Amino acid sequence: MALTGIEIFKMLPKTNCKECGLPTCLAFAMALATGKAELDACPYVSDEAKEKLAEASAPPIRPIKFGMKEGVKAIGGETVMFRHEKTFFNPTIIAGLLTTAMSDADVDAKIAQFGKLQYDRVGLLLRPEMLVVKDANGDAGKFAALAKKVVDNSDAAMLLVSDQAEVVKAGAEAAKDRKPAIGVATDANADAMGALAKELGLPLYAKADGYDALADLTTKLTGMGLKDLIIDAGSRDLKQALQDQIVIRRAALVPKFRPFGFPTLTCPAEMTDDPMMEKLYASVFIAKYGGIVVLNDISAEGVFPLLLERLNIYTDPQKPMIITPGIYEIGNPGPDSPVAVTTNFALTYFIVSGEIEGSKVPTWLLIQDTEGLSVMTAWAAGKFSGDSVAMFVKKCGITEKAKTRTLIIPGYSAGISGDLEEELPDWKVLIGPREASHIPAFLKSL
Ligand code: SF4
């Protein structure tokens, strides 16, 4: 049973020292009880109290880790229904599906395609992370060979799926260096699959038909000593599967219903043969609580939008994505190269710098601290004003690097040009385009 805030408070030091970032021990206790604080934030909790508080402070949805060739990837660990309440922590894993029914050529092509899906955006690497290896005919040798092929030719995290424990065991042996997750545990094979997962120390994918059966299954598996489960309430109908995600998340968070306190697996690959509908279904599960989304088609045009959607949903809404203010050299600029200025909102920086790079016109790009606000918002909030931009231009050191005294400002901040020219009498202010896509033509026209 989860503890109440008052019960937790009784176990805290009650010194109100504020080191946890909250004004009182009571406030910390309340935050802990609602999953809005981590126990580690208080350095003074006794070991005895720590043990008792473990359940209250444990994430209501257990984090599960998968081994990749380099590093690990986690899902679960979520504490809120809605992103704006705090943040979502571990992005949905996007997985491609391989089966033993596929030809060698198709398997090779899919593994190669999986490896190509890597995109550098706003300083982050966007990519799918997992390959699911599924048994189609009970052939343990074929299953193990496919698992080995994935290990040898991909850096992906792996989930090995068969309803026969001996087939899974053969695959897990072949992929043991990767530390895969295994499954599928069902009501029919729970004893054998649970024992195998326990023996190998691997996360277990458990699937049942409906909530009651799923709760019974996870209760049985946790009773066997298993802690790391990935769960699936079985439906392959969009409406029901979406409802499953919401019910499971809410049950895990609000009453802290432990049998549902695990990340989920969703399977658009088994919901439609249409690649576009598959991506639409996947987008629903990325938005609503899918821990893993399994896709049949992993074409670049299908996966890339899902990666962007995931990026948006899993960024922390309370932390602006910012770039360090300063002078950025795009394309090796010299003393006569143009000088442009914009804000330190990461997306603004990456879009503007990308367009400047594309223009092949070497340019000094000044990035001013606007606390991560975009140009229009910063301008409206007075953080990208004539005064502040002028101050930044004077102090950043650009006058020592560039002889040019023409400053290009974003089109959306044209209103500051008068103030700026007053503050920077040696400079001519040039109003740049409003849309970043017009930057290359603008720079070339100078
Ligand atoms: Fe209380 Fe610990 Fe927070 Fe200090 S750090 S106020 S002792 S909960």
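Quick notes on the rules
Residues numbered from 1 in each chain as written. Predicted model: local features only at pLDDT ≥ 70, side-chain atom pairs only at ≥ 80, totals over all residues. Heavy atoms only, no water. Pairing = 2+ DSSP bridges. Helix = DSSP H or I, 4+ residues; strand = E, 2+ residues; numbered from the N terminus. Axes fitted to C-alpha atoms, helices over the stretch in contact; angles between N-to-C directions. Contact = heavy atoms within 4.5 Å. Parallel < 35°, antiparallel > 145°, perpendicular 65-115°, else oblique. Left-handed = near helix turned anticlockwise from the far one by under 90°. Nonpolar A, V, L, I, M, F, W, Y, C, P; charged D, E, K, R; others polar. Core = buried A, V, L, I, M, F, W, Y, C linked by side-chain atoms within 4.5 Å. Buried < 20%, exposed > 50% of the residue type's maximum accessible area, 1.4 Å probe, protein only. Expected span 1.5 Å × (residues − 1). Arc of directions from axis to C-beta. Polar contact = N/O pair within 3.5 Å; in protein donor to acceptor, adjacent residues only side chain to side chain. Domains from an automatic or database assignment. Phe/Tyr/Trp six-rings, centres within 6.5 Å; stacked < 30°, edge-to-face > 60°. Lys NZ or Arg CZ within 6 Å of the ring centre and 35° of its normal. Salt bridge = Lys/Arg side-chain N within 4 Å of Asp/Glu carboxyl O.

1. Focus: the sheet that holds strand β13 (residues 326-330)
As a general point, the strands of a sheet are linked pairwise by backbone hydrogen bonds and lie either parallel or antiparallel.
Turning to step 1, where the next piece is worked out: In spatial order, the strands read β13-β15-β14-β16-β17; together these five strands make up an open sheet with mixed pairing. Each of the sheet's edge strands pairs with one partner strand only, and the pair in question is β13 and β17 (428-431). Between one strand axis and the next, the sheet turns through 30 degrees on average, direction left out of account.
Turning to step 2, where the next piece is worked out: Here four bridges tie strand β16 (residues 406-409) to β17, and the two strands are oriented parallel to one another. Paired with Thr406 across the strands is Lys428, a residue of β17.
Turning to step 3, where the next piece is worked out: Helix α12 (residues 346-359) rests against β13, β14 (339-343) and β15 (363-368) of the sheet, and its axis sits at about 175 degrees to β15.
Turning to step 4, where the next piece is worked out: Along the sheet, helix α14 (residues 386-396) makes contact with β13, β14, β15 and β16, crossing β15 at roughly 120 degrees.

2. Focus on the packing of helix α10 (residues 275-287) against helix α11 (residues 300-314)
Between two packed helices, both the angle of their axes relative to each other and the distance between the axes serve to describe the pair.
Turning to step 1, where the next piece is worked out: Where α10 contacts α11, the axes come no closer than 10 Å and their chain directions differ by 15 degrees. In terms of their interaxial angle, α10 and α11 are classed as roughly parallel. Taken as a pair, α10 and α11 cross one another with a handedness that is right-handed. On the side of α10, the interface is formed by Lys279, Ala282, Ser283, Ile286 and Ala287, while α11 contributes Gly302, Leu306, Glu309, Arg310, Ile313 and Tyr314.
Turning to step 2, where the next piece is worked out: In terms of residue class, the contact of α10 with α11 is built from six nonpolar, two polar and three charged.

3. Remarks on the nonpolar core
Grouped burial of nonpolar side chains is what soluble globular proteins tend to show.
Turning to step 1, where the next piece is worked out: Met158, Leu160, Ile182, Leu204, Leu221 and Leu295 are the most contacted members of the largest nonpolar core, which totals 67 residues.
Turning to step 2, where the next piece is worked out: In terms of residue count, the dominant contributor to this core is α11 (six residues).
Turning to step 3, where the next piece is worked out: If we ignore the near neighbours within four places in the chain, the residues touching Met158 are Phe66, Gly67, Met130, Leu131, Val133, Ala147, Val150, Val151, Ala175, Arg178, Pro180 and Ala181.

4. Some remarks on helix α5 (residues 140-153)
Turning to step 1, where the next piece is worked out: Taking 1.5 Å per residue as the helical rise, α5 with its 14 residues ought to reach 20 Å, and the 20 Å between its terminal C-alpha atoms agrees with that figure.
Turning to step 2, where the next piece is worked out: Where α5 is concerned, the buried positions are Phe143, Ala144, Leu146, Ala147, Val150 and Val151. Down the axis of α5, the buried set is contained in an arc of 160 degrees. They therefore lie on one face. Across α5 from its buried face, at more than 90 degrees, point the exposed residues Gly141 and Asn153.
Turning to step 3, where the next piece is worked out: In this structure, the buried side of α5 is in contact with β3 (93-99), α4 (104-116), β6 (130-134), β7 (157-161) and α6 (165-174).

5. What to know about the side chain of Thr92
Turning to step 1, where the next piece is worked out: With respect to the secondary-structure elements, Thr92 resides in the loop between β2 (72-75) and β3.
Turning to step 2, where the next piece is worked out: With a relative accessible area of 0%, Thr92 lands in the buried category.
Turning to step 3, where the next piece is worked out: At a separation of 2.9 Å, a polar atom in the side chain of Thr92 contacts the main-chain carbonyl oxygen of Gly290.
Turning to step 4, where the next piece is worked out: Other than its neighbours up to four places away in sequence, Thr92 contacts Glu129, Phe285, Ile286, Gly290, Gly291, Ile292, Val293, Arg310 and Tyr314.

6. Structural notes on the environment of Pro23
Turning to step 1, where the next piece is worked out: Here Pro23 is to be found in the loop between α1 (5-10) and α2 (25-33).
Turning to step 2, where the next piece is worked out: Looking at Pro23, the relative accessible area reads 48%, which means it is partly exposed.
Turning to step 3, where the next piece is worked out: Once residues lying within four places of it in the same chain are set aside, the contact partners of Pro23 are Asn16 and Lys18.

7. Structural notes on the domain arrangement of the protein chain
Turning to step 1, where the next piece is worked out: Segmentation of the protein chain into domains returns domain 1 (5-57), domain 2 (64-314) and domain 3 (326-445).
Turning to step 2, where the next piece is worked out: Each of domain 1 and domain 2 has a C-alpha centre, and the two are 34 Å apart.

8. Some thoughts on the packing of aromatic side chains
Turning to step 1, where the next piece is worked out: Taken as a whole and assessed by the stated rule, the structure comprises seven aromatic pairs.
Turning to step 2, where the next piece is worked out: The interplanar angle of 75 degrees and the centroid separation of 6.4 Å between the aromatic rings of Phe88 and Tyr289 together place this pair among those described as edge-to-face. Of this pair, Phe88 sits in the loop between β2 and β3 while Tyr289 sits in the loop between α10 and β12 (290-295), placing them 201 residues apart in sequence.
Turning to step 3, where the next piece is worked out: For Phe88, a relative accessible area of 7% corresponds to the buried category.
Turning to step 4, where the next piece is worked out: A relative accessible area of 6% places Tyr289 in the buried class.
Turning to step 5, where the next piece is worked out: Among the aromatic residues, ring-to-ring pairing joins Phe88, Tyr289 and Tyr314 into one connected group.
Turning to step 6, where the next piece is worked out: The ring of Phe9 carries the charged tip of Lys14 above its face, separated from the ring centre by 5.6 Å.

9. Some points on the pattern of salt bridges
Turning to step 1, where the next piece is worked out: Enumeration over the complete set of coordinates arrives at 17 salt bridges.
Turning to step 2, where the next piece is worked out: Where Lys383 meets Glu371, a salt bridge forms, and the shortest distance between an N and an O atom there is 3.6 Å. In this pair, Lys383 sits in the loop between α13 (375-380) and α14 while Glu371 sits in the loop between β15 and α13, placing the two residues 12 residues apart along the sequence.
Turning to step 3, where the next piece is worked out: Taking relative accessible area as the criterion, Lys383 reaches 29% and is therefore assigned partly exposed.
Turning to step 4, where the next piece is worked out: Within this structure, Lys134, Asp232, Arg236 and Glu270 form a network of salt bridges that share partners.

10. Considerations on the side chain of Thr315
Turning to step 1, where the next piece is worked out: Locating Thr315 in the fold gives a position in the loop between α11 and β13.
Turning to step 2, where the next piece is worked out: On the basis of relative accessible area, Thr315 is assigned to the buried category, the value being 16%.
Turning to step 3, where the next piece is worked out: Within polar-contact distance, the side chain of Thr315 engages the backbone oxygen of Asn312 at 3.1 Å.
Turning to step 4, where the next piece is worked out: Residue contacts for Thr315: discarding those within four places in its chain leaves Arg83, Thr87 and Met321.

11. Some remarks on helix α8 (residues 211-223)
Turning to step 1, where the next piece is worked out: For α8, built from 13 residues, the straight-helix expectation of 18 Å at 1.5 Å per residue is met to within 8% by its first-to-last C-alpha distance of 18 Å.
Turning to step 2, where the next piece is worked out: Those residues of α8 not exposed but buried are Leu214, Ala215, Leu217, Thr218 and Leu221. Mapping the buried residues of α8 onto a view down its axis gives an arc of 165 degrees, with all of them on the same face. Facing away from the buried surface of α8 by more than 90 degrees, the exposed residues are Asp212, Asp216 and Gly223.
Turning to step 3, where the next piece is worked out: The elements touched by buried residues of α8 are β8 (181-185), α7 (190-200), β9 (204-207), β10 (229-232) and α9 (238-253).
Turning to step 4, where the next piece is worked out: Phi turns positive, to about 100 degrees, at Gly225, one or two residues after α8.

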